Amino acid sequence: MNSPSPIRAAFRQAIGEAWAGGAGALLPIGFFAGAAMLVPFTIGSEASQLAAIGTGVLWVALALASLVSMERLFQADLEDGTLELWAQDETPLFLIASAKILAHWLISGLPLVVLTPVIGITLQVPAGQLVPAMLAYGLGGLAFFLWGGVAGALAASVPRGGLLIALLALPLFIPTAIFGALSVQTGLEGPNILFLSASTLFALAVAPIGASAALRLAVD
Amino acid sequence: MSSNALITATGLGAIRGERVLFSALDVSLGFNEKLVLRGPNGSGKSTLLRILAGLTRPDAGTVETAGTHHWLGHRNGIKSHETPRQHLSHWARAWGSDADPEAIASQMGLARPMDVAGRLLSAGQKRRTALGRLLLVDRPIWLLDEPFTALDSDGRAMLTRMIDDHCQSGGGVIAALHGDAPFEASRELTL
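All residue numbers here refer to positions counted from 1 along the written sequence of the relevant chain. Whichever chain is written first becomes A and whichever ligand is written first becomes 1, with later ones labelled in order. Only residues with pLDDT of 70 or above have their local features reported here, since the model is predicted, and side-chain atom pairs are shown and tallied only from 80 upward, although totals for entire chains, interfaces and linings are computed over all residues.

The next point concerns the sheet that holds strand β2 (residues 19-29) of chain B. Sheet strands associate in pairs through backbone hydrogen bonding, adopting either a parallel or an antiparallel arrangement. Residues and elements named next belong to chain B. By this definition, two strands are paired if DSSP reports at least two bridges between them. Helix numbering and strand numbering both begin at the N terminus, where a helix is a DSSP run of H or I of at least 4 residues and a strand a DSSP run of E of at least 2. Reading across the sheet, the three strands line up as β2-β1-β4 and stay open at both edges, with antiparallel pairing between neighbours. Two strands lie at the open edges of the sheet, namely β2 and β4 (60-65), each paired on one side alone. Across the sheet, the axes of successive neighbouring strands diverge by a mean angle of 25 degrees, strand direction being ignored. Helix-sheet contacts for helix α1 (residues 45-53) involve β1 (7-16), β2 and β4, and the interaxial angle to β1 is about 130 degrees. Here, axes are lines fitted to C-alpha atoms. For helices the fit covers the stretch in contact, and angles between N-to-C directions go from 0 to 180 degrees. By the convention adopted here, residues make contact when the C-beta atoms placed from their backbones lie within 7 Å.

Now the structure itself:
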């Protein structure tokens, strides 16, 4: 019985849960916008200065915003007993974990990418640079959510594990941040975007396995 | 040996912290059998059930099962936003069940709170919803940890009937219990 129906069901349940939390799913979006908008107030509004750091600010804000609601992603499943049921399912747990992380990214991560050009303009980044940059922010954001998912799974059994998630996940963000920033600076020309894609593919392959191993420990 | 048993576990041992909960424990469950686990709090009933369910790795011994199982632990597995209808539909989809979740919910006495979110359900209503999962797909082995907790006398009678029906149709049940078993146990194992 290797049908994809448990995976679809897990995806659907995660979407339902994200919406059921009221504005919870929108928190990362608010955090992203808020964090980026602070920069002109602290750096000063000189256009050339802002433009020079604008794309980097977006990367930092994206990385932090992707961790905002990661704490509850697996913790709720552990507390209410859903994780026990998934752990006993014939479907491998890493596929269930992938479905949950991707559902979370769809609700909380994709809107951040859509928002990057809007916030980029207020940071004086040239509009022509922003639309192609969305591809890089999209790839990078997905990797951030995947690594965040591993950290969320590791911290699932830790009460108030939000800070622990940040400590665990931020080092894993470094390759994505490096290649992501270089890709955007060079206007997606050259090999950097390929390295960024490779780092996201690596996350896609490895993070679900890591998350499921952590979840097995949590449920034991 | 394993051909005429649903579960054959041999030489099981479990250690929690510094304490040995049990060691060299053999457990078997045959068709039509109701095995009741007994023992004081902390004696390892839940741990044994979790080992048989594959949730916890035993510190010694092996478990062989012939067939799939249903699990009912202390936690009901109901999301705070899910109604009984949504919960049973979700697992029906996940498990490829043809059963009608609504009919099962009615059967479990959940017709009234069918559309009430999980966080607003009473403990007994949550337990009834979780028990409804057992009827979604036919699985020969039922592993139940204190299944009568939070149920009223009606609910206890209903679960007793469910267990009897399941065992009459060839299944087996292992239940950890406190107090008198409302059903007639085939065997008891005291930890």
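Further remarks concern the nonpolar core. Ranked by size, the top nonpolar core spans 119 residues in total, and within it A:L62, A:W147 and A:L215 carry the most contacts. Here this core gets 15 residues from one element, more than from any other, and that element is helix α7 (residues 127-154) of chain A. Throughout the structure description, domain borders are defined by an automatic or database domain assignment. Viewed by domain, this core spans two of them, domain 1 (2-68 + 139-190) and domain 2 (84-122) of chain B, each represented by three or more residues. In contact with A:L62, not counting residues within four places along its chain, are A:F32, A:L112, A:Y137, A:G140, A:G141 and A:F144. The term nonpolar core means buried Ala, Val, Leu, Ile, Met, Phe, Trp, Tyr and Cys residues held together as one set by C-beta atoms within 7 Å. Neighbour density around each residue's C-beta defines its exposure: 20 or more other C-beta atoms within 10 Å make it buried, 12 or fewer make it exposed, and counts between make it partly exposed, where C-beta atoms are placed from the backbone.

So, about the sheet that holds strand β8 (residues 187-190) of chain B. Residues and elements named next belong to chain B. What the five strands build is an open sheet, ordered β5-β6-β7-β3-β8; its pairing is parallel. Two strands in the sheet have a free side with no partner beyond their single neighbour: β5 (69-72) and β8. Each adjacent strand pair in this sheet contributes to an overall mean axis angle of 15 degrees, direction not counted. Helix α5 (residues 153-168) contacts β3 (34-38), β6 (141-145) and β7 (172-176) of the sheet and is inclined by roughly 145 degrees relative to β7.

To estimate how far a helix should extend, the number of its residues minus one is multiplied by 1.5 Å. Helix length check: helix α1 (residues 5-20) of chain A, at 16 residues, gives a terminal C-alpha distance of 22 Å against a target of 22 Å (1.5 Å per residue), a fit within 8%. Buried within α1(A) we find A:P6, A:A9, A:A10, A:Q13, A:A14, A:E17 and A:A18. Next to the buried residues of α1(A) lie α6 (93-122) of chain A together with α2 (84-94) of chain B.

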